[in-house]
Amino acid sequence: MAEQAGRDEPELDRGIIEAWAAKMITNPERAYRAAFYVATIFFLVTTLFPFYWLFVVAVTPRGNLSDVGVLLPAGFNPAAFIEIFTTLPFHRYVFNSFLIATIATVAVLLVGSLAGYVFGRLRFRGRNPLLLLVLVTSFFPPAAFFIPLNRLFNTNFDVLRPLLSAGSLYNTPYAIFIPLSAIFLPLSIFILMTFYSQIPDGLEDAARVEGTTRLGALFRVIVPLSAPGVATAGVLTFISVYNEYFFSSLMTDGQPGSWAPMLEGILRFQGEFEVLYNLMAAASIVAVLPVAILVVVAQEKIVSGLTTGAVKE
């Protein structure tokens, strides 16, 4: 009788949203699937579509840029990807940014590993205030350091004349990667300190018993075991320095032989009377390839580094 009464009860008159919520509650797999599709579509629209639009503009002939469609190019002319290297030495601009980012990343990882070891594994008086002082420097905008650094790097020093013809750091890679390394160093110290502090003391003690010094234990035991953290700090530093434009543009005269960055090369396609949008789009795609390849190669380490410690075991 109870079952018969339950079947005779009229169904609730739910609205569209209430009916959808009821179905999601009764079928959670459907809710997860819907959330996945929504997140995927949002990612494709907000992240990948701009790159597709750059490609559409790059392959559209220059005379048809005003007629370019929403999704399809008005014609097809991939010569822009070759013209960016013949119009100006764009490869030199990319090489400048790539080399400076690589040098800055190596310097940051080296110094950050030493500082991360000290802050993460050693206990000494004043450790927390000193760590706070290091991290506070990352809160200042880069523009706050430009005036003193620009004056310093434009000054002629006699001690530098045997190494540099002008005796000044202006138009040299040192004027770019030194301040950038200092700016992005605190974040790397914090990331590496977090990972180094999680390594069991017994592993380091075992290496020390075998006759390894603290420095040897750091680079032979702790750093390999903290590979996800090192990869995360390295990739974040490389991307930040590679895409940096503020210091790079103000510390050089914009010429490729003066270590001007790749963003300076992209802006070179913007003339006084004409803007070569197709060349700027092609140059942007070419410039982003090194970072894209780096992220694809190191994606497992990056994900592991960002999620380590998120779940308490």
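The rules we used
Residues numbered from 1 in each chain as written. Predicted model: local features only at pLDDT ≥ 70, side-chain atom pairs only at ≥ 80, totals over all residues. Heavy atoms only, no water. Helix = DSSP H or I, 4+ residues; strand = E, 2+ residues; numbered from the N terminus. Buried < 20%, exposed > 50% of the residue type's maximum accessible area, 1.4 Å probe, protein only. Contact = heavy atoms within 4.5 Å. Areas by Shrake-Rupley, 256 points an atom, 1.4 Å probe, with all protein chains shown as cover. Salt bridge = Lys/Arg side-chain N within 4 Å of Asp/Glu carboxyl O. Phe/Tyr/Trp six-rings, centres within 6.5 Å; stacked < 30°, edge-to-face > 60°. pLDDT = per-residue confidence, 0-100. Core = buried A, V, L, I, M, F, W, Y, C linked by side-chain atoms within 4.5 Å. Polar contact = N/O pair within 3.5 Å; in protein donor to acceptor, adjacent residues only side chain to side chain. Axes fitted to C-alpha atoms, helices over the stretch in contact; angles between N-to-C directions. Parallel < 35°, antiparallel > 145°, perpendicular 65-115°, else oblique. Left-handed = near helix turned anticlockwise from the far one by under 90°. Nonpolar A, V, L, I, M, F, W, Y, C, P; charged D, E, K, R; others polar.

### Thoughts on the overall build of the protein
Now for step 1: The helix and strand inventory of the protein stands at 15 helices and 0 strands.
Now for step 2: Going through the 313 residues of the protein one by one, you find that 35% of them count as buried.
Now for step 3: A fraction of 67% describes how many contacts in the protein between residues 6 or more apart in sequence connect residues 24 or more apart.
Now for step 4: Surface accessibility of the protein: about 19,300 Å² in total, with carbon and sulfur atoms responsible for 67%.

### Comments concerning the pattern of salt bridges
Now for step 1: On inspection of all chains with the given rule, the structure shows 4 salt bridges.
Now for step 2: Across the pair Arg 62 and Glu 83 runs a salt bridge, and its minimum N-O distance is 2.8 Å. Of this pair, Arg 62 sits in the loop between helix 3 (28-59) and helix 4 (80-87) while Glu 83 sits in helix 4, and the two are 21 residues apart along the sequence.
Now for step 3: A relative accessible area of 26% places Glu 83 in the partly exposed class.
Now for step 4: Within this structure, Arg 121, Asp 201, Glu 204 and Arg 214 form a network of salt bridges that share partners.

### Comments concerning the packing of aromatic side chains
Each aromatic ring pair is summarised here by two numbers: the centre-to-centre distance and the angle between the ring planes.
Now for step 1: This model, assessed by the stated rule, comprises 12 aromatic pairs.
Now for step 2: Taken together, a centroid distance of 5.8 Å and an interplanar angle of 55° make the contact between Phe 36 and Tyr 37 tilted.
Now for step 3: Relative accessible area serves as the criterion here: at 54%, Phe 36 is assigned to the exposed category.
Now for step 4: Aromatic pair Phe 49 and Tyr 52: ring centres 6.2 Å apart, planes at 40°, arrangement tilted. Taken together, the residues span about one helical turn, with Phe 49 and Tyr 52 both in helix 3 at a distance of 3 residues.
Now for step 5: For Tyr 52, a relative accessible area of 34% translates into the label partly exposed.

### Regarding the side chain of Asn 278
Now for step 1: Locating Asn 278 in the fold gives a position in helix 14 (residues 277-297).
Now for step 2: Judged by relative accessible area, which is 5%, Asn 278 ranks as buried.
Now for step 3: The residues touching Asn 278, leaving out its near neighbours within four places in the chain, are Val 57, Ala 58, Thr 60, Arg 62, Leu 65 and Ala 80.

### Structural notes on the confidence of the model for the protein
Now for step 1: When the pLDDT values of the protein are averaged, the result is 81; 85% of them are 70 or greater.
Now for step 2: Mean pLDDT values for the elements of the protein range from 49 in helix 1 (residues 2-8) up to 92 in helix 5 (residues 90-121).
Now for step 3: Confidence over residues 309-313 falls short of pLDDT 50; this stretch has 0 contacts with residues more than four positions distant or in other chains.

### A closer look at the nonpolar core
Now for step 1: Within the largest apolar cluster, 40 residues are counted, with the highest numbers of intra-cluster contacts made by Ile 84, Phe 90, Tyr 242, Met 251, Met 262, Ile 266 and Phe 269.
Now for step 2: Those elements giving two or more residues to this core turn out to be helix 3, helix 4, helix 5, helix 7 (146-153), helix 8 (174-196), helix 11 (227-242), helix 13 (262-267) and helix 14.
Now for step 3: A per-element tally of this core places helix 14 first, with 9 residues.
Now for step 4: If near-sequence neighbours (up to four positions away) are discounted, Met 262 is found in contact with Phe 90, Tyr 93, Val 94, Ser 97, Tyr 242, Asn 243 and Ala 287.
Now for step 5: Phe 195, Tyr 196, Ile 199 and Leu 218 belong to the second largest nonpolar core, which has 12 residues in total.

### Things to note about the side chain of Thr 172
Now for step 1: With respect to the helices and strands, Thr 172 occurs in the loop between helix 7 and helix 8.
Now for step 2: Within the structure, Thr 172 has its side chain in polar contact with the backbone oxygen of Leu 169 (distance 2.3 Å).
Now for step 3: Among all residues touching Thr 172, those that are not within four sequence positions of it are Leu 164 and Trp 259.

### What to know about the packing of helix 8 against helix 11
Now for step 1: As a packed pair, helix 8 and helix 11 sit with axes 9 Å apart at the nearest point and diverge in direction by 165°. Relative to helix 11, helix 8 is oriented roughly antiparallel. Remark: the crossing between helix 8 and helix 11 carries right-handed chirality. Two secondary-structure elements touch here, helix 8 through Leu 180, Phe 184, Ser 188, Ile 191, Leu 192, Phe 195 and Tyr 196 and helix 11 through Pro 228, Gly 229, Val 230, Thr 232, Ala 233, Leu 236, Thr 237, Ser 240 and Val 241.
Now for step 2: Each residue belonging to the contact of helix 8 with helix 11 can be placed in one class, and the counts come to 11 nonpolar, 5 polar and no charged.

### Thoughts on unusual backbone geometry
Now for step 1: Phi at Asn 171 is positive, roughly 65°, even though this residue is not glycine.
Now for step 2: Its location among the elements puts Asn 171 in the loop between helix 7 and helix 8.
Now for step 3: Unlike most non-glycine residues, Trp 259 shows phi in positive territory, near 65°.
Now for step 4: Within the fold, Trp 259 resides in the loop between helix 12 (246-250) and helix 13.

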